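For reference, the chains in residue letters:
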Amino acid sequence: MSEPRICFDHISKSYGPLCVVDNLDLDIAKGEFVSLLGPSGSGKTTLLMMLAGFENPTQGTILVDGEPVNNVPTHRRDMGVVFQNYALFPHMSVAENVAFPLQMRGVSKAGITERVTRALDMVQLSAMRDRWPAQLSGGQQQRVALARALVFEPRVVLMDEPLGALDKHLREQMQLDIRALHNRLELTIVFVTHDQSEALTMSDRIAVFNKGKIEQIGTPREIYDHPRTRFVAEFIGETNLLQGTIESVDGSQGLIRLQNGGQLSATLADVMPRGQQVFVSIRPERIELKETKTGMNSFAANVIDSVYQGDHLRVQLDGNGNNVVARLGRKSREWPIGANVVAEFQSSDCWIIAS
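Just so we're clear, the structure is a prediction, and the values are computed from it rather than from any experiment. (Residues numbered from 1 in each chain as written. Predicted model: local features only at pLDDT ≥ 70, side-chain atom pairs only at ≥ 80, totals over all residues. Heavy atoms only, no water.)

Q: Where do I start with helix α1 (residues 44-52) in this structure?
A: Note on helix geometry: an α-helix contains 3.6 residues per turn, so any two residues three or four positions apart are oriented the same way. Counting buried residues along α1, 8 of its 9 residues qualify, which places the element largely inside the surrounding structure. Listing the buried residues of α1 in full gives K44, T46, L47, L48, M49, M50, L51 and A52. Of the residues flanking the end of α1, it is G53, one or two places downstream, whose phi is positive at about 100 degrees. (Buried < 20%, exposed > 50% of the residue type's maximum accessible area, 1.4 Å probe, protein only. Helix = DSSP H or I, 4+ residues; strand = E, 2+ residues; numbered from the N terminus.)

Q: Help me understand the side chain of S298 in this model?
A: For S298, the location among the structural elements is in strand β16 (residues 298-308). Those residues in contact with S298, other than ones at most four positions away along the chain, are K293, V342, A343 and E344. (Contact = heavy atoms within 4.5 Å.)

Q: What is the right way to read the packing of helix α2 (residues 94-104) against helix α3 (residues 109-122) from this model?
A: Helix-helix packing: each pair is described by the crossing angle between the helix axes and the interaxial distance. Between α2 and α3, whose axes approach to 9 Å, the crossing angle comes to 125 degrees. As far as their axial angle goes, α3 and α2 are oblique. The handedness of the crossing between α2 and α3 is right-handed. Of the residues in α3, those in contact with V94, A95, V98, A99, L102 and Q103 of α2 are I112, R115, V116, A119 and L120. Its residues placed into classes, the contact of α2 with α3 shows 9 nonpolar, 1 polar and 1 charged. (Axes fitted to C-alpha atoms, helices over the stretch in contact; angles between N-to-C directions. Parallel < 35°, antiparallel > 145°, perpendicular 65-115°, else oblique. Left-handed = near helix turned anticlockwise from the far one by under 90°. Nonpolar A, V, L, I, M, F, W, Y, C, P; charged D, E, K, R; others polar.)

Q: Please explain the packing of aromatic side chains as it appears in this structure.
A: The description of an aromatic ring pair uses the distance of the two centres, along with the angle that the planes make with each other. Summed over the entire model, instances satisfying the criterion amount to 5 aromatic pairs. With 6.2 Å between their ring centres and 40 degrees between their planes, F54 and F83 make a pair best called tilted. Placement of F54 in the loop between α1 and β4 (59-64) and of F83 in strand β6 (residues 79-83) is noted, with a sequence separation of 29 residues between them. It is R105 that lies over the ring of F152; its NZ or CZ is 3.8 Å from the centre. The ring of W335 carries the charged tip of R333 above its face, separated from the ring centre by 3.8 Å. (Phe/Tyr/Trp six-rings, centres within 6.5 Å; stacked < 30°, edge-to-face > 60°. Lys NZ or Arg CZ within 6 Å of the ring centre and 35° of its normal.)

Given below as structure tokens:
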């Protein structure tokens, strides 16, 4: 395996008695898009700031291309940084803002002109090179900030909640634009966000942060379909958690006796013994509603609410004390409130995690 572009080796950061990042290890490959995802205060932004050089680790080593950078000043780390507030200079034109990092690095005037033109073409803002930041929309300002971060061809691009101030439509478009740039230029990107959908859309891998530690790291599909902890299951999207006890284990499958009655078969997230108290995570879109039972993984339920949400129906169920949500396709049958139904799902679509 080739050497990682970025290596966090036993990194901790404390402010007095408060530990913000706790003995964290993380490798990021060259050309990889990794999102640091978690709630406010989970340590993700602090880790990014240490990588950028704006904060120093309390302990541990940060390596870039195999070289320690703990004592390397920010301007010598060869990293482009994009913040949520854009940080554009209001007294400079678009082209001048993009040119600024090159001027600080002593690039020739001809070189600056060529590279600024290329960077603005890349973010489709060539026609606006002479405008002031105040004359641009939020999305256009964000594109300028992105061009400025990329114009000096950095080894790594760091993004801290860069799309948080944009409206939903523009944010979704910028997600696709940044992802396309990443693929085309083979950039190494470290992206901080608290938005689960954003991380799932853009990332090669997602590191889910909680209380200064990484709870789980994996591809978007691994994180969403196979959460390893209750925190990850609840933080990533929406899930149903059914409480029960492991009755038996057969390879990667476990037979669960539910707390409120009934049995189901599900996939084990980790090695777990018979008798252990667990939760079974089931995503709402994996549940089907039927009139009669056709498989083992099912339970009787009563429809207590049904809401049409455009692309799906969100149906809330009471299954013998289990409050469960099912997300049905927009063409699915509409079940009336009070209807008695059977909720069914495949054993491969539910995941056993420790309680």
